[in-house]
Structures are given as structure tokens and as C-alpha cells.
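Residue-level listing of the chains:
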Amino acid sequence: MGENSWEDGISRGSALAAWRLPHASEAFLLQDFQGGSQLAEGWNVADLPAGFLAAPFIGLPYFLASDSLNSWTLTSVSTSINIVIDEEDSSKKQEFKSWVSSAIEAIKQGPLQKVVLSRTDVKELPAGFSIVAALEELAAAYPNAFVCAISIPALAGVWMCATPEILVEQKDGVFRTISLAGTQSGVDDHGNALSPAQARWSQKEIEEQAFVSRYIIDCFKKIRLREYTELGPKTISTGNLLHLKTEYIVDTKAMDFPQLPGLMLGLLHPTSAVCGTPKQEAIEFILKTETHDRSMYSGYLGPVNIGGNTHLFVNLRTVKITGNQAEFYAGCGITEDSDPEKEWQETQMKCQTLQRVLMQ
Ligand SMILES: C=C(O[C@H]1C=CC=C(C(=O)O)[C@@H]1O)C(=O)O
């Protein structure tokens, strides 16, 4: 796909979504000529025609109808990536660390047990930046990620992401979700890639991921679902980072349970991987602490009911692009055992996922 198709769609007032699923070599461009629409309360993924969903952290999702859907094969592009030397913004750092300290205090007092706090990092994009070229470079750099760009007239800017986190997948009658948390660098001090087997997880990270797993199992319990396969936790590499992941799989065809993806989507979002535990207390803490609007960060997005399959991912490792300004978003799970300095470093590493590619 050329930059022209993307720009033509924008000038026509279409809502656009371009994406590449994990491990795929084909990318898609979907256009909604009416500019997309926000769904009304009571919507259900099972009732939607083929299209693309994009939901904010809090609020109703936007739906892009598939008025036009084109695919193209990704030609391999160079994946040599520079490390961006980021000058730390000391006032931002102090502010974020103070949020983390107050979260630790709140957790010690209860009932809050875990909360995910986020921040933004604003940078100017290099001259000649192109959304389509960046999408293709992200796809090459992160083969296991869902790589995506969306432009919806009702939302400011273009959002791009390279996320490792499946929220709800329904593929060939099989439902899948994952519990993803715990983060460490995927490269050693010399810049060499670490294999998952080299990961060493602390008590804090094991507990942090267990909150997410427990949350998913509680959602299954709410709908009395007992027949699921649980795989993990195991370490996965997302390219520049390592995480702990547990997979949950349900054969909805064998169980004759086609409503499961819709029910689980309603229960899961926002999971403890982007919000916290208990959910309501975590949302309240986030809203009273963070000074930025999360908007689409930590929401979810992806194609729905295309060829009968749905692939929704949590909008992480994400950026909002307005003109030549890029606002990167990153968060981290805070527990009682968190260290504010380490949590800040973790958000730096997460911002780097996109910055290493986009800021070249
Ligand atoms: C909230 C983010 O990551 C989540 C997913 C994986 C690991 C996480 C962590 O270690 O804190 C977060 O829960 C983010 O990338 O902004």
C-alpha cells in the first residue's frame, strides 16, 4: 500500500485502520467512508458486521465499517534499529515517581492491591515521517506484535501501536485471551538479545502477573465457565522487552458457546494489566492521579468479524501523532513491592519500543 491510499482516505474524510496481525506477512487497510461511529450502550461484538473496533480506556468504542478492505504483502524492510538516547525530563520523572510512591502508600492501606500508572513522552518526529513506512518498519521490527495505525475523524491525531497483548481473540471457533505483566529488558548491557530462558523474575513481578491471571479466572467464574485450558506462565520476548504470559483458551465450537467473546470482552476490559485490582478502586486512583487523558491508550483495538474471526488487542506501546508531534504512552503495574526509580525506567523502556523505530 502506498502512502497515497492512506492520505487519499484521510482527505476523503474516511476513518482508516491499517494493521498487521502477529506473525503475518500480509497487512490490511480498511476504510469507513462515513468516518466511523461511536457505538451505543448495549452493543455486542457478535451483532457487528465485518469491521474494526477501537475503544478508549474508558468509554464506548468506535466502529469502522469495512466499506473497503485491501491487503498487501509486506516487503521486508531493514530492521536495523538505533537506540534513542533519551534525555530524562527530571521534573516529569519526579512527578511520576511521586505518583508511584503515593500508589505504594495507598496499596499498603488497602483495599487497593495493584494499580497501573502511566505517563506520556512528547517528541518531535523526524522530517519526512510517513505513517505507512513507520507501520511497515514496526511490522518488521516486532514480528510477534499486533501493529496498527488508526485515523478516526472524531479523534485527534493518528494512533499507532505495536502491542504484544491479546485481549480477546476468536479464531476458527476458538477463544483466546492472555494475562501479560512483569517486564524486564530484552537485551543485556552490551545490547545483545536475551532469550526468555535467561529471564529472572522477582517476587514482585510474579505477583503482579498473578493479579492479571486471577482477574481473568474471576471473569470465567462470573459466567460459570470451567472448561478452559491454561498455559503458562512463561516468559515471552516482544523484541526489546521480556514479559510473563499465561494463555487461556476455550473451544467455543465444541462447547456451543458463540457468545463467549462478547461476554468476556464486557467483563475483561480494562484488565488488571492496564488498570489494577480491585478494578473500581484502581480506576478511581488512576483518574485522580494521572494528569493526562489516557484516551485510546490502554483501550483495545483490532479487526472484528472479518472472515468470521475477531482479533482485539490492548492498545499498548502506543503513540498519538498530531502533525509532527508524537505523544508516546507507557505504564507499569505498581504493587506494594514497587521501587519508584525502577518503575520510571520501565516506562522509559516501554516508550523505546516505538521510539527506536519512529525516531530514526
Ligand atoms: C501498561 C503497560 O504494559 C502492561 C503489559 C505488560 C506488562 C506490564 C507491566 O509489567 O507493568 C503492564 O501491565 C504498558 O506497556 O503501557
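Treat the numbers as computed from the prediction; the structure is a model and nothing was measured.

**Student:** Which parts of the structure should I look at to understand the sheet that holds strand 7 (residues 114-124)?
**Tutor:** The strands that make up a sheet are held in pairs by hydrogen bonds between backbone atoms, and each pair lies either parallel or antiparallel. Spatial ordering of the open sheet is given by 6-2-1-8-9-17-18-7-14, a layout of nine strands whose pairing is antiparallel. Of all strands in the sheet, those bounded by a partner on one side alone are strand 6 (68-73) and strand 14 (276-277). Looking at chain direction, strand 1 (residues 15-20) and strand 2 (residues 26-32) are connected through five bridges and run antiparallel. Directly across from Trp19, in strand 2, lies its bridge partner Phe28. This element, helix 3 (residues 131-141), spans strand 1, strand 6, strand 8 (146-151), strand 9 (158-163) and strand 17 (318-322) of the sheet and lies at about 10° to strand 9. Strands strand 7 and strand 14 of the sheet are contacted by helix 6 (residues 279-289), whose axis makes an angle of about 35° with strand 7.

**Student:** How should the sheet that holds strand 5 (residues 62-65) be read in this particular structure?
**Tutor:** Taken in spatial order, the nine strands make up an open sheet running 3-5-4-15-16-10-11-13-12, and their pairing is antiparallel. Taken across any chain shown, the strands that pair with only one partner, and hence form the sheet edges, are strand 3 (37-38) and strand 12 (229-237). The pairing of strand 12 with strand 13 (residues 241-251) spans seven bridges and is classified as antiparallel. The residue bridging Leu231 from the neighbouring strand is Glu247, located in strand 13. The strands touched by helix 4 (residues 203-222) within the sheet are strand 11 (174-185), strand 12 and strand 13, with strand 11 carrying the most contacts at an inclination of about 165°. Seen against the sheet, helix 7 (residues 340-358) touches strand 11 and strand 13 and runs at an angle of roughly 120° to strand 11.

**Student:** Would you explain the pairing of strand 8 in this entry?
**Tutor:** Strand residues, when the strand is regular, have side chains that alternate between the two faces of the sheet. The element strand 8 is largely enclosed, with a buried count of six among its six residues. Residues Phe146, Cys148 and Ile150 of strand 8 are buried on one face, and the alternating residues Val147, Ala149 and Ser151, pointing to the opposite face, are buried as well. One ladder, built from five bridges, connects strand 1 with strand 8; its direction is antiparallel. Bridge pairing in strand 8 links Ala17 to Ile150. Two strands pair when backbone bridges link them, and strand 8 and strand 9 are joined in this way by six bridges, in the antiparallel orientation. Each bridged residue has a counterpart across the sheet, and for Ala149 the counterpart in strand 9 is Met160. Between strand 8 and the antiparallel strand that follows it, strand 9, lie six residues; Gly157 among them carries a positive phi value of about 80°.

Cut-off values and rules
- Residues numbered from 1 in each chain as written.
- Predicted model: local features only at pLDDT ≥ 70, side-chain atom pairs only at ≥ 80, totals over all residues.
- Heavy atoms only, no water.
- Pairing = 2+ DSSP bridges.
- Helix = DSSP H or I, 4+ residues; strand = E, 2+ residues; numbered from the N terminus.
- Contact = heavy atoms within 4.5 Å.
- Axes fitted to C-alpha atoms, helices over the stretch in contact; angles between N-to-C directions.
- Buried < 20%, exposed > 50% of the residue type's maximum accessible area, 1.4 Å probe, protein only.

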